[in-house]
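Residue-level listing of the chains:
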Amino acid sequence: MRERIAILDGVRSPFAKAGEELKTVQADDLGACIVREVMDRVPVTHAEVDEVIIGNVAQPAHAANIARVVALKAGFGPEVIAHTVHRNCASGMQSITAGAAQIRVGDSRVVLAGGTESMSNIPLMYGEEMTELFSKLFRARSVRERIRLVCSFRPRYLKPVIGVVQGLTDPVCGLNMGQTAEVLSREFHVTRSEQDAFALQSHERALAAIREDRLAEEIQPVPIPPRFDTMHEVDSGPREGQSIEALQKLRPYFDRHNGTVTVGNACPLTDGAAAVVMMSESAARARGLEPLGYLRDYAYAGLDPKRMGLGPVFATAKVLEKVELTLGDMDLIELNEAFAAQVLACARAFESDAFAKTYLGRDTAIGNLDLERVNVNGGAIALGHPVGTTGTRLVLTLLREMKRRGVDRGLATLCIGGGQGAALILERT
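The paragraphs below set out a description of the structure included in this document. This is a predicted model, so every value here is computed, not measured.

Calculation notes
- Residues numbered from 1 in each chain as written.
- Predicted model: local features only at pLDDT ≥ 70, side-chain atom pairs only at ≥ 80, totals over all residues.
- Heavy atoms only, no water.
- Phe/Tyr/Trp six-rings, centres within 6.5 Å; stacked < 30°, edge-to-face > 60°.
- Buried < 20%, exposed > 50% of the residue type's maximum accessible area, 1.4 Å probe, protein only.
- Lys NZ or Arg CZ within 6 Å of the ring centre and 35° of its normal.
- Salt bridge = Lys/Arg side-chain N within 4 Å of Asp/Glu carboxyl O.
- Helix = DSSP H or I, 4+ residues; strand = E, 2+ residues; numbered from the N terminus.
- Disulfide = S-S within 2.5 Å.
- Pairing = 2+ DSSP bridges.
- Right-handed = clockwise from strand over helix to strand, strands pointing away.

Here the structure, examined in full by the defined rule, presents nine aromatic pairs. Each ring, one from tyrosine 298 and one from tyrosine 300, has its centre 6.1 Å from the other, and the planes form 65 degrees; the classification is edge-to-face. In this structure tyrosine 298 comes out as buried when scored by relative accessible area, which is 14%. Judged by its relative accessible area of 14%, tyrosine 300 is buried. An aromatic cluster is built from Phe188, Phe314, Phe355 and Tyr359, whose rings are joined through pairwise contacts. Its guanidinium or amino end placed over the ring of tyrosine 294, arginine 4 lies 4.0 Å from that ring's centre, counting from NZ or CZ. One residue, arginine 307, lies across the ring of tyrosine 359, its end atom 4.5 Å from the ring centre.

Going through the model one piece at a time under the given rule, you end up with 30 salt bridges. Where aspartate 28 meets lysine 73, a salt bridge forms, and the shortest distance between an N and an O atom there is 2.7 Å. Of this pair, aspartate 28 sits in helix H1 (residues 27–41) while lysine 73 sits in helix H2 (residues 66–73), and the two are 45 residues apart along the sequence. On the basis of relative accessibility, which here comes to 40%, the residue lysine 73 falls in the partly exposed class. Each of Arg4, Glu281, Arg285, Arg296, Arg409 and Glu427 takes part in a single network of salt bridges with overlapping partners.

Attention now goes to the state of the cysteines. Throughout the structure, instances matching the rule amount to zero disulfides. Cysteine cysteine 346 is unpaired, with the sulfur of cysteine 415 as its nearest cysteine sulfur at 6.8 Å.

Most of strand E3 (residues 51–55) sits inside the fold, with five of its five residues counted as buried. Across the two faces of E3 the burial is the same, with Glu51, Ile53 and Gly55 and Val52 and Ile54 all buried. Pairing analysis gives five bridges linking E3 to strand E4 (residues 81–85), with the strands arranged parallel. From the neighbouring strand, valine 52 faces E4, where its bridge partner is alanine 82. With H2 bridging E3 and its parallel neighbour E4, the resulting β-α-β unit is right-handed. Strand direction decides the pairing type here: E3 and strand E5 (residues 110–118), joined by five bridges, are parallel. Looking at the pairing, glutamate 51 lines up with valine 111 of E5.

Okay, structure coming up:
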């Protein structure tokens, strides 16, 4: 067995729906705030960190290689090396596994890994006609030519290209992420009522976790610019008073006529950041440290982009085979709630012999996905899904809940836009 990777500690920001509490905080500033905090919590100096790896999807133009920008703004010296990773929804998980790989081959001793995303600040862009007009204006050599070009302007040129819509649409299969959830709802016969009931449960669990301060253990409040005199302290997504009646009133959003996926049983667009600090298990033991937990192993898997929501099934099958464990060996599971339909479809695929034989090369099903052990503090339907950050959040939330309950082993897994899945095995003892 490969040496485990010790995750010393971690922290995240409170999540906020795009356009709300964190809308004025850019992704690099949000990430820097959380990286500063995690470095204050761990018994490691800035000079001991060999590399900073940050997951990010929107890639803001003002902060190229955002990991480097985050590191410098967070107080690291100019000698720190840093790189940004992008695996769509698993970017925050990719940062952890990339760091683990570097530690295992001896290229790094200590790695800070995490993710940051400001979906509020994903830009609107000009279309081709307006871009071409600007280009010609910049190249114009005379006033007469400029006037002629200005007069050629048409109001339709101002119709924006919405960056977040483009980013959430797969260019290969042509479906946006919500439409892929509709594909799974039909294939696995997941009803609208089942989806709404699952969404309600996510809110209820998240609200209970907030009331009991369970989520507060992993959250660092974020000061709000420009005056920085107020703090965003708690996840804003979980809705008090959410009811099944309110959810049932919402119209299908991605398939207006025959769909079942609504804004109520899907995750919202979200802003947030998270970070952890890692080293080898032997190094942690030599220093007498008690880590939050250990990364035992991980796997990524590819699948049809139209059915990307089943990524957790494909990736979990691979990682369980690597570590010679079963789904029943997992005490707790964090499975990202991109859509209620997608999670429930995964549950049915996990327990299907036919699915295992057809798609996984197995004779029998992976096992029963006990939803009582899945997302016990609520999931992305309530908390939100800042795409570059969620992978780190899943690991952090799972390890803290494993510690709280005194259990030994957990699975963090999620689907990835474009047709991939990721799965990590985490341990405490």
